[in-house]
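Summary of the model geometry
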Amino acid sequence: MSAKPRGRFITVEGVDGAGKSSQIDVIAQAIRDRGIELVITREPGGTPTAEKIREILLHDEMSPKCEMLLMFASRQENLDKVVKPAIAEGKWVLCDRFTDASYAYQAYGRNQPKEWVDLLADFVHSDISPDRTVLFDIDTEIAAARLQRKLDRFEAEEKDFHRRVREGYLTLARNEPERFLVIDSSQPKEEISAFLKEEFSKWG
Ligand code: TYD
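These lines cover the structure that appears in this document, whether it is placed above or below.

1. Here we look at the site of the ligand
Taken together, 17 residues lie near the ligand, and Asp16, Lys20, Arg97, Ser102 and Gln106 sit nearest. A distance of 2.9 Å separates an oxygen atom of the ligand from a polar atom in the side chain of arginine 75. Contact with the protein chains removes 92% of the 550 Å² of surface that the ligand exposes when unbound. No other element matches helix 4 (residues 99–109), which puts four residues into the shell around the ligand. A class-by-class count of the residues in the shell around the ligand yields six nonpolar, two polar and nine charged.

Quick look at the structure:
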C-alpha cells in the first residue's frame, strides 16, 4: 500500500475590501478540478467554538493583547479540529486568513510587538505553517470604498490602521517571496480569476 500524499496548506490574505472572498471560490474550483480533496476554512473561526470567538472579536471592545490572544485561541481550535486532521489525511486546506493576519493587523495595525506574535505562533503551531499564501494587495482607500455593508470592528478602523496593515502584509511578502503570491487587486476581477485558475491548476 502506498503512503498517502502529503496535503497542502494554502492561506489567503489581504486588507479588508481587497476582494479575496470571491477569488477563494476560484482557487478552490481550480484545485478540486484536479480531483484533489479540499477543505475550506477561515480565521478567526472554522469550528463552532472558534466561530463564537470570531463574533466576539469582530464586534466587542477589548484590549489589543486580548484581541491577539483570542485570534490565537481561535487558530488553535481551527488547527486542531480542521486543518491538521485534513492534512494528515492527504487533503488540501484553503484557509481564509492565518497567522500573517496576526502580524499585519495585531503587530503592524495595532502596534503590538512582533515578538509576541512570534511567541504565540511558536506556541500554537510550531509544527505547521502555510505552503503557499495568496496576498490580495490594493490601495487601502480603494479597498475602503468597496466596503458598502455595515462595518465590523476592524473594517471601521481609521485609515492609518489599514495603511499599516497593508504595509505589514507587503513586508511579510518581501521577506518570504517563495511562499507569497502577491495579486494586484486593482486589476479587473476576471483577469485575477483567470490568473489564479491557471496558477492553481498546476501549483503544488
Ligand atoms: P475576514 O473573515 O477576512 O473578514 P470579512 O469576512 O469581513 O471579510 O476577517 C475578519 C477580520 O479579522 C479582518 O478584519 C482581519 C481580522 N483578523 C485579525 O485582525 N487578525 C487575525 O489573526 C485574523 C485571522 C483576522
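Let us keep going from here.
2. A word on the sheet that holds strand 2 (residues 38–42)
Within a sheet, each strand pairs with its neighbour through backbone hydrogen bonds, oriented either parallel or antiparallel. Overall, parallel pairing links the five strands, which are arranged 2-3-1-4-5 in an open sheet. Looking at strand neighbours, the two that pair on one side only are strand 2 and strand 5 (180–184), the edges of this open sheet. Mean inter-strand twist for the sheet, computed between neighbouring axes without regard to direction, equals 20°. Taken together, the five bridges between strand 2 and strand 3 (residues 92–96) define a ladder with parallel strand orientation. Across the sheet, residue valine 39 finds its bridge partner in strand 3, namely valine 93.

3. Focus on the packing of helix 3 (residues 64–88) against helix 4
Axis separation between helix 3 and helix 4 bottoms out at 11 Å; the angle between their running directions is 170°. In terms of their interaxial angle, helix 3 and helix 4 are classed as roughly antiparallel. Of helix 4, the residues touching helix 3 (which contributes Glu67, Met68, Met71, Phe72 and Arg75) are Thr99, Ser102 and Gln106. Split by residue class, the contact of helix 3 with helix 4 holds three nonpolar, three polar and two charged.

4. Some thoughts on the environment of arginine 110
When you line up the elements, arginine 110 lands in the loop between helix 4 and helix 5 (114–125). Given the relative accessible area of 16%, arginine 110 is considered buried. Linking arginine 110 and methionine 68, residues 42 residues apart in sequence, is a C-alpha distance of 9.7 Å. The contacts of arginine 110, once residues within four sequence positions are left out, are Pro64, Glu67, Tyr105, Arg153, Phe154, Glu157 and Phe161. A polar atom in the side chain of arginine 110 sits 2.8 Å from the side chain of glutamate 157.

5. What to know about the environment of glycine 35
Within the secondary structure, glycine 35 is located in the loop between helix 1 (20–32) and strand 2. Residue glycine 35 is classed as exposed on the basis of its relative accessible area, which comes to 66%.

6. Comments concerning the pairing of strand 3
Most of strand 3 is tucked away, with five of its five residues classed as buried. Alternating positions in strand 3 separate into two faces, Trp92, Leu94 and Asp96 on one and Val93 and Cys95 on the other, with burial throughout. Looking at chain direction, strand 1 (residues 9–14) and strand 3 are connected through four bridges and run parallel. Bridge pairing in strand 3 links threonine 11 to cysteine 95.

7. A look at the environment of phenylalanine 72
The residue phenylalanine 72 is located in helix 3 in this model. Look at phenylalanine 72 and you get buried, because its relative accessible area is 2%.

8. A closer look at the pairing of strand 4 (residues 132–137)
Counting buried positions along strand 4 yields six of six residues, so the element is predominantly enclosed. Going residue by residue along strand 4, you find Arg132, Val134 and Phe136 tucked away on one face and Thr133, Leu135 and Asp137 tucked away on the opposite face as well. Here strand 1 runs beside strand 4; their pairing, made up of five bridges, is parallel. The residue of strand 4 that forms the bridge with isoleucine 10 is arginine 132.

Rules and cut-offs
Residues numbered from 1 in each chain as written. Predicted model: local features only at pLDDT ≥ 70, side-chain atom pairs only at ≥ 80, totals over all residues. Heavy atoms only, no water. Near = heavy atom within 4 Å. Polar contact = N/O pair within 3.5 Å; in protein donor to acceptor, adjacent residues only side chain to side chain. Areas by Shrake-Rupley, 256 points an atom, 1.4 Å probe, with all protein chains shown as cover. Helix = DSSP H or I, 4+ residues; strand = E, 2+ residues; numbered from the N terminus. Nonpolar A, V, L, I, M, F, W, Y, C, P; charged D, E, K, R; others polar. Pairing = 2+ DSSP bridges. Axes fitted to C-alpha atoms, helices over the stretch in contact; angles between N-to-C directions. Parallel < 35°, antiparallel > 145°, perpendicular 65-115°, else oblique. Contact = heavy atoms within 4.5 Å. Buried < 20%, exposed > 50% of the residue type's maximum accessible area, 1.4 Å probe, protein only.

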